[in-house]
Structures are given as C-alpha cells and as structure tokens.
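# Residue-level structure breakdown
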Amino acid sequence: MSFLRRQAITAALTANAIRPLPGFRAGIPAFFAGWLTGELAPHVLAATTADALAHATGPRRDARGLALAGASALGLGYLIAQSRQVATCAEEALVEGLGADYVEKLDAAPTPAELAVPWRKLVYPFRMREPRVTVHKNIAYDDGTGRRGLLDVYVPADTPPQGAPVLLQVHGGGWTIGNKDQQGIPLMQHLAAKGWVCVAINYRLSPKHAFPAHVIDVKKAIAWIKEHIEAYGGDPDYVAITGGSAGGHLCALAALTPDRKEWQPGFEDVDTSVQVAVPHYGVYDFAGSTGLRSAEQLRDLFLAPRILQTTWAEDPEAFEAASPILQVSEDAPDFFVLHGQYDTLVPVDQARLFVEELRRTSKRSVTYAELPGAQHAFDVFPSIRSSHIVRAIDRYLHWHWNSVAKPERAKA
C-alpha cells in the first residue's frame, strides 16, 4: 500500500474518531472505525509519525501524503488530550454526585501518582496480566446451561480476603456474543489487587435463547454469590454489579428488579438484590418509551427479531419489562452511570434520560459521568481513558463500601 493511501486511511479514521458518523445504520461501521483509533491514539500517532519520517527521508516525497500525516498527527494529539480530560470529568461527576467531601470516606486520598496516566501499562494494552491477582476459572453457577453457566472469581493473590466487598461483572456483546474473559478485565484486576472479590459470568445468548433468559442467568449468578462467595473471601451481603453495553442493560435491569419473581424460576425466594450498580454505555429503553428515534429503531430492527423474538405490537409489556428506565423506583440502589459523548451504537441520550429518571424517583445517590469524545466500549482494554475510569470507579465503590455498607453493618 502506498504512503499516500496509508495516510488517507489514517486521516479518515482519525476524523471519524473525532466526530463519528451519526445515525442508526452508520453507527456500527462508525464505531468499528473510530473505537480503536480513539482508544489507541498514542499508538496510531507513533506509527503515523514513524511512517512520515521514514517517507520524508526517502528518495520520493509525496507532499499530499505528508500533509495528511500532519493533519492526522494534529487530530490524534487532540484525541489524546481529550482522553486525558476524562480524569477531570470523572472527578467532577463524583463531586457532583457524592459531595465535595467524598474523598474523606476513602481509605486514603488518591495521590497525584495514582491519578497520573500509567504510560508503561499502555504500551502493550492487550497484554492484561496482573500477578497480584489469582483467577479461579470456570466455576458452574448453573449446571444446566453448559459453558454459558460458568463464572470466574478474581481474588488477591497474596493475602486471602475475608469479608471483602464483591463486584459482579456482566459482559456485553449485543445479547448474542461475548464471554466472561473479554470485558471488564482492567477493572476487576485493579479491584482484586486492592482486596475485592470479583466475579465475571457467562450467560445464555440469543438467538438460541430469547429474553428474559439473559437476566434470569444474571439473577442466578447473584444467587450463587449469596450462597457461595464466602468460600472465596467475599461478603455475600455486599454485591456491586457492573457491565457494559448489553451487560450495562442487564446490570441496570437486575439492580432495579430484585423482586421480579418470574425472573427467578426455581429460586423465587432468594434475595437477588445488589447494593450498587455501575452500568457502562447501557441500553436503558427497550420499549421506545423515551420517544428517541434511535431507541425505536433498535427495538424494531434488532431487539424484536433477535432478542425478545416478538414484536412491539404483539407484546408491548415484554419490551416495557425489559426497559430499565421503566423499572426505576424509589427503592433503586445507588447508581454510577457512565456513557460516551459520541457513542454511535447506543446514543448518549438514553443514558441522560435514564439518569434523569433515577434522580427524579430514587431515594439513593445517582452519579453520572458523560465522557468527552468517547465511543462505545471505551473500557475494554487499558487506555488513557479507561485507566482514568477504572480509578474513578475504584474511588466511587470504596466511597460506597466505606460510607454505606460499613455503617449499616456497624448498626447491625
């Protein structure tokens, strides 16, 4: 491939990462074209600079290609700066949602070094190894669903935990693909290294299994945690839940429906409540109740034929029951909602309206971070943006554990 063509492709990818193409049908290609470029902007910038320098010192110089390389470098620099803004954005969200004194409830205030970009870790972003963490793999929480009923448990490697807070991670993948070891790894490794017990689950997928099989499995996993997590050092009375995309939807829905007995077949009397939910770029409106055109398109063109396997006209109640925004009550747990400003798969308007409903109805705290320039799936692997988000969630969850869970246990 010629230098000019390489630089033209890089420039197009950079432009799309800065401002992705909007619209339902353009959303998927815009996501794939912009997601990796945005999260790997330092790596793309290094490759672009090296390519341009090699070409500039060669026998034939293409001025158009060099101009494109220069434009791409400026754009990639902008993306890097935008990613670094997430540190400030996330901190402002925590202060707004929890109060300026929330840091006093942490074990220790974060140091500047702890909040800095971990450049060394970002050199090889797909090499996610953490020697301080042990993973117990492929434990069955549902013997009847094969590998879709398996989970992994992340614990500190050196010091066996006892009575540790628990995080449940629910993977995304459009309710049709995905596995427990593909998402949420940076967050689980980070928290397990600090003493948490983290659980990542598989669940049944569509189109083989129609909704609500997915959320039933999430509730089965919560029931398993309540019964078995003490053996791994976790506190069964404190469960936080998180997930992204379809996992964000299931995370929010499970958190809001602990009393939905029809979604607990065979374990109706088990307590499946959670103490706090941290959904990332989730789908909150299955029914199109918000009036958003993007939500209606998702409902009719994807959710109806592939996931619920019925139509809105035939069974509107099924879509309404699956919509977290319609399940919000005053008894909702604490929420920390995160969404990217330029998410083309699930436009940010859904998150904004979901947060509005939570703040209007719930008696508990609601924290919302809208990340500048971020696409869907911004937290899948270590990047500038995801490193700031992981540490913001760390602060949020430790605030919650110290200020909500521990005082309640002291009273008991």
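Description of the structure in this document. (Residues numbered from 1 in each chain as written. Predicted model: local features only at pLDDT ≥ 70, side-chain atom pairs only at ≥ 80, totals over all residues. Heavy atoms only, no water.)

Turning our eyes to something else, we now look at the overall build of the chain. When helices and strands are counted, the chain shows 14 helices and eight strands. The principal-axis extent of the C-alpha atoms belonging to the chain is close to 75 × 55 × 40 Å. By residue count, 57% of the 412 residues in the chain fall in the buried class. Of the roughly 17800 Å² that the chain leaves accessible, carbon and sulfur atoms contribute 54%. Both charge centroids of the chain, one from 40 positive and one from 44 negative side chains, sit 10 Å from each other. (Helix = DSSP H or I, 4+ residues; strand = E, 2+ residues; numbered from the N terminus. Buried < 20%, exposed > 50% of the residue type's maximum accessible area, 1.4 Å probe, protein only. Areas by Shrake-Rupley, 256 points an atom, 1.4 Å probe, with all protein chains shown as cover. Lys, Arg positive; Asp, Glu negative; His and termini not counted. Charge placed at Lys NZ, Arg CZ, Asp CG, Glu CD.)

Burial analysis of strand 8 (residues 366-371) places five of its six residues in the buried class, which makes it a mostly covered element. Here strand 7 (residues 334-340) pairs with strand 8 via six bridges, running parallel. Bridge assignment links Val337 to a residue of strand 8, and that residue is Tyr368. Chirality of the crossover, the property in question, places the unit of strand 7, helix 13 (residues 349-361) and strand 8 among those that are right-handed. (Pairing = 2+ DSSP bridges. Right-handed = clockwise from strand over helix to strand, strands pointing away.)

Moving on, we get to the side chain of His339. Tracing the sequence through the fold places His339 in strand 7. Within polar-contact distance, the side chain of His339 engages the side chain of Asp343 at 3.4 Å. If near-sequence neighbours (up to four positions away) are discounted, His339 is found in contact with Tyr281, Gly282, Val346, Pro347, Val348, Ala351, Tyr368, Ala369, Glu370, Leu371 and Phe378. (Polar contact = N/O pair within 3.5 Å; in protein donor to acceptor, adjacent residues only side chain to side chain. Contact = heavy atoms within 4.5 Å.)

An α-helical turn contains 3.6 residues, so any two residues separated by three or four positions project in the same direction. Across its 16 residues, helix 1 (residues 3-18) extends 22 Å between first and last C-alpha, which sits within 8% of the 22 Å expected from 1.5 Å per residue. All buried positions along helix 1 are accounted for by Phe3, Gln7, Thr10, Ala11, Thr14, Asn16 and Ala17. Elements that come into contact with the buried residues of helix 1 comprise helix 2 (24-39), helix 3 (41-56) and helix 4 (63-84). (Expected span 1.5 Å × (residues − 1).)

A cis amide bond links Ser206 with the next residue in sequence, Pro207, at an omega value of 5°. Examined against the element boundaries, Pro207 turns out to sit in the loop between strand 4 (197-201) and helix 9 (213-228). In this model, Phe211 is joined to Pro212 through a cis peptide bond whose omega is 20°. Of note, the phi angle at Ser245 is positive, near 65°, even though the residue is not glycine.

We now examine the layout of surface pockets. Size it by volume and the largest pocket reaches roughly 1200 Å³. Taken together, 42 residues line the largest pocket, and the ones lying closest to its centre are Ile28, Thr344, Leu345, Val346 and His376. Those elements giving two or more residues to the lining of the largest pocket turn out to be helix 2, helix 11 (293-308) and helix 13. Tallying contributions element by element places helix 2 first for the lining of the largest pocket, with six residues. Here the residues of the lining of the largest pocket sort into 23 nonpolar, 14 polar and five charged. Here the second largest pocket defines a volume of roughly 890 Å³. What lines the second largest pocket is a set of 35 residues, and nearest its centre among them are Lys121, Arg132, His190, Val390 and Arg391. (1 Å grid on protein atoms, 1.4 Å probe; cavity = no way out; pocket = protein on both sides within 12 Å on 5 of 7 lines; lining within 4 Å. Points joined across faces, edges and corners; volume = space filled by probe spheres on them. Nonpolar A, V, L, I, M, F, W, Y, C, P; charged D, E, K, R; others polar.)

By size, the foremost hydrophobic cluster in this structure holds 62 residues, and its most contacted members are Leu168, Ile241 and Phe354. If you tally residues by element for this core, the top one is helix 10 (residues 246-256), at eight residues. Here Ile241 is in contact with Leu167, Leu168, Val170, Val218, Cys251, Ala254, Ala255, Val274, Val276, Ala277 and Val278, once residues within four sequence places are set aside. (Core = buried A, V, L, I, M, F, W, Y, C linked by side-chain atoms within 4.5 Å.)

This next bit is on the pairing of strand 3 (residues 164-170). Counted residue by residue, strand 3 has seven buried out of seven residues, so it is predominantly covered. Across five bridges, the pairing between strand 3 and strand 4 is parallel. Bridge pairing links Val170 to Ile201 in strand 4.

The next thing to look at is the packing of aromatic side chains. For the structure on display, the rule yields 17 aromatic pairs. Residues Trp224 and Tyr232 carry aromatic rings whose centres are separated by 6.1 Å and whose planes lie at 40° to one another, so their mutual orientation is tilted. With a relative accessible area of 8%, Trp224 lands in the buried category. Classification of Tyr232 by relative accessible area gives partly exposed; the value is 23%. One aromatic cluster in this structure is built from Phe31, Phe32, Trp35, Phe126 and Phe381. Between Arg260 and the ring centre of Trp263, over which it is positioned, the NZ or CZ distance is 4.7 Å. (Phe/Tyr/Trp six-rings, centres within 6.5 Å; stacked < 30°, edge-to-face > 60°. Lys NZ or Arg CZ within 6 Å of the ring centre and 35° of its normal.)

With that settled, consider the pattern of salt bridges. If charged atoms from side chains of opposite charge come close, those side chains can pair. Evaluated as defined, the whole model comprises 18 salt bridges. Two residues, Glu91 and Arg395, come together in a salt bridge whose shortest N-O distance is 2.9 Å. Note that Glu91 is positioned in helix 5 (residues 86-98) and Arg395 in helix 14 (residues 384-411), a separation of 304 residues in sequence. Residue Glu91 is classed as partly exposed on the basis of its relative accessible area of 25%. For Arg395, a relative accessible area of 8% gives the class buried. (Salt bridge = Lys/Arg side-chain N within 4 Å of Asp/Glu carboxyl O.)

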